[in-house]
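The primary structure of each chain is shown beneath.
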Amino acid sequence: MPTTTTSSSSFSSAASSSGNRQADVFSRLASSDPEVKLKALREVKNQIIGNRTKKLSFLKLGAVPAIASALSDSECNSILVQSAAALGSFACGFEAGVQAVLGAGAFPALLRLLTSSDEKVVDAGARSLRMIFQSNQAPKYDFLQEKNMEFLFSLLNSENENVSGLGASIIAHACGTTVEQQVLCDAGVLEKLVILLEGSLSQREACLESLATVLKNNPEAVSRFVGLEAGRYLSSVTELTKDRYPRTRLLSCLCLVVIYNTSPSYFLNMGTKSSLVTTLLELLNDPGQSGDDAALGLSSLIAEKEDLQKLAYEANAIKNIVDILKTGSELHPKRLQGLFLSLAELCSKLEDCRCSFLSLEMLDLLVNALRHKNADVRTAACICFRNAARSVKNLSAGRFTNDHVMLPLVQLLHDPSSSVQVAVLGALSNIVLDFSSPKSTFIEYGGIKQLIELSKSMDPNTRCSALRALRNLMFLADKKRKELFYSEVKAQGFVSLISDPEPTVQEQGLALLRNLVDGCINSIEFVFDEEGLILDTVGRQLRKSPQAQMAIQGMYVLTNVASGTELHKEAVMQQLFPQPQAESNNFMLKFLQSHESQLRSATVWTIINLISPSSPGALDRHVKLREEGIIPQLKNMVNDACLDVKIRIRTVLSQSMSFGDN
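Since this is a predicted model, take the numbers as computed values, not measurements. (Residues numbered from 1 in each chain as written. Predicted model: local features only at pLDDT ≥ 70, side-chain atom pairs only at ≥ 80, totals over all residues. Heavy atoms only, no water.)

S.K.: Quick rundown of the overall build of the chain? Include the residues and the values.
M.R.: From N to C terminus, the chain includes 41 helices and zero strands. Relative to the 2.2 N^0.38 estimate, which gives 26 Å for 662 residues, the radius of gyration of the chain is 33 Å and therefore markedly larger than a compact globule would have. On the principal axes, the C-alpha backbone points of the chain span a range of 110 × 75 × 50 Å. When burial is assessed residue by residue, the chain has 53% of its 662 residues classed as buried. Side-chain charges of the chain comprise 66 positive and 69 negative groups, with the mean position of each set lying 3 Å from the other. (Helix = DSSP H or I, 4+ residues; strand = E, 2+ residues; numbered from the N terminus. Rg over C-alpha atoms; globule rule 2.2 N^0.38 Å. Buried < 20%, exposed > 50% of the residue type's maximum accessible area, 1.4 Å probe, protein only. Lys, Arg positive; Asp, Glu negative; His and termini not counted. Charge placed at Lys NZ, Arg CZ, Asp CG, Glu CD.)

The structure is reproduced here in structure tokens:
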């Protein structure tokens, strides 16, 4: 039976023919005949609409500068309209196109079209500019300059819906600070924008985007908006979540998310919250940009809010999201990022969500996302791993420590993106807490060495996150793992960590040291390496009146060292009361008087270990503590507000009685 085949030469011929047609159209853009040029502009515009491949082809030919030239040089309204439309098509959802349009100097020419007496020219210019202002590459307007504010209001006051929509788009693009929000509100922008809520579809959508920008993280601006006509416009935005157009429903939801995240008091009605969650979940199935944006909107809505996470879980959010991820179709990176972040938020607090998530065979999808070419997707997948690994049940079952999961996680420690590195460090921090696992896979893949390397990063967030992971890795670690770790760090390495210029890094460095010296006597010996260099550094940091959280970790280091031999206890006393005496300023008294109960508790724990009656030198240390005013201070704290501190103090006073102190 005969079959039909298409040879590779046929494909080549077709591609060549297409390229020739595009080259022909491009050559006609420079024609001196207005009719020829106009027809060529229409052909370019029609070919590139929604076609990324053809946009690239025409970009390579140099079509954008040619069209920009036609826009600047022509006085024919039809050519102006078609030129503006073609440039807008290049800029629509295509960053390379925006860059080309701006690079060709077309922006000022497009602005001039807004002053035309021909309404069609004005429309074309406004639509094209709106396409450009959807990109982060678009010029920023400084609203603190009077001329820019006047220009903005001239747009918002226009009866042309594309021009007023352009004004709203400029606000959505350029308003990025609290000061700018305040200036716009004081100038009456909110009152102008809400008028657009009752306008055309494009005006409503531009208005919703602008409102979200002006209100974001600004309680005063939200209060002003809600107060307009006794909440009428808040009700209007809420009503638009039921609109028949998906994009309008999405933008109204995102506006409400901004209002809720900024001022939750305006959303006391559980029905409103439930409706918002349900609408965003429905929009996740939209195949276009609305579906992409809905995913990030959902993650923002439920972030850190257990009540909304429960609502989403009860609305079957986890299964819906997993079903979308399992469709097999290639999803936009923004949608993937939003879906994984939504799953991460759902798993952040609720154990039921974590178990449901892991029961749906999601690990393979997550592992694949760790290798995605987009850094935002990799980051979101790592955050999802981090929160899923908070499940003690699944952690203990070894779900995250097999080679299939561990290898890609360790590989991401080398990722060029610092945000990915910080995210994967967060995931590993939770996973390595599974002390029932030998963690040999993590160590075998070079995990410890890379964590140590990242603890030296120029980025303080990366250093802090790496130390947190090492801290958890050393929690209840065996002797072999501690020795392996210390052999890579050495005393000088610890000194650098504890003396880091960033307080948070110092805190994590001390917390890591606290876990390292916890346990057997051999572990304590690490701080005595190189003639006690590490212990001396800890003492020096404590005498500098550090922040409370640093002091807490430092005192627990001393507590653990003081649990050792007589030699260890005396070394701690030397740090508490060094010579000359003036150097100490009796920081222990300050710590006992601190408002931080954890710091008071850590300090009392150190005293308990120092004067344990079974120690030969306990009496002498007790005498020294009494002379320095420590024991009298503890007697004044017997009714401490913190129960833990109160119990520890009673232990100390009981020890004191064994030394004849009444």
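Structure's up, so let's keep going.
S.K.: Which residues make up the confidence of the model for the chain, and what are the values?
M.R.: Per-residue confidence for the chain averages 90 on the pLDDT scale, and 95% of its residues sit at or above 70. Note that residues 1–15 has pLDDT below 50 and, in this model, one contact with residues that lie over four places away or in other chains. (pLDDT = per-residue confidence, 0-100. Contact = heavy atoms within 4.5 Å.)

S.K.: Explain helix 9 (residues 146–156) residue by residue, including any values.
M.R.: All buried positions along helix 9 are accounted for by Asn 148, Met 149, Leu 152, Phe 153, Leu 155 and Leu 156. The arc enclosing the buried residues of helix 9, seen along the axis, measures out at 155°, which places them on a common side. Within helix 9, the exposed residues directed more than 90 degrees away from the buried face are Glu 146 and Lys 147. (Arc of directions from axis to C-beta.)

S.K.: Break down the layout of surface pockets for me, citing the residues and quoting the values.
M.R.: Size it by volume and the second largest pocket reaches roughly 420 Å³. If you trace the second largest pocket, you find 14 residues lining it, with Ser 329, Glu 330, Leu 331, Leu 336 and His 372 closest to the centre. Of all the secondary structure elements, the ones that give two or more residues to the lining of the second largest pocket are helix 21 (333–346) and helix 23 (363–370). By residue class, the composition of the lining of the second largest pocket is seven nonpolar, five polar and two charged. (1 Å grid on protein atoms, 1.4 Å probe; cavity = no way out; pocket = protein on both sides within 12 Å on 5 of 7 lines; lining within 4 Å. Points joined across faces, edges and corners; volume = space filled by probe spheres on them. Nonpolar A, V, L, I, M, F, W, Y, C, P; charged D, E, K, R; others polar.)

S.K.: Lay out the pattern of salt bridges with the relevant residues and their values.
M.R.: In total, this model carries 22 salt bridges according to the counting rule given. Between Glu 566 and Arg 621 there is a salt bridge, and its shortest N-O distance comes to 2.6 Å. Note that Glu 566 is positioned in helix 36 (residues 566–576) and Arg 621 in helix 39 (residues 618–627), a separation of 55 residues in sequence. With a shortest N-O distance of 3.1 Å, Glu 628 and Lys 624 are connected by a salt bridge. Judged by relative accessible area, Lys 624 falls into the partly exposed class, the value being 23%. A single salt-bridge network, built from bridges that share partners, covers Asp 186, Glu 220 and Arg 224. (Salt bridge = Lys/Arg side-chain N within 4 Å of Asp/Glu carboxyl O.)

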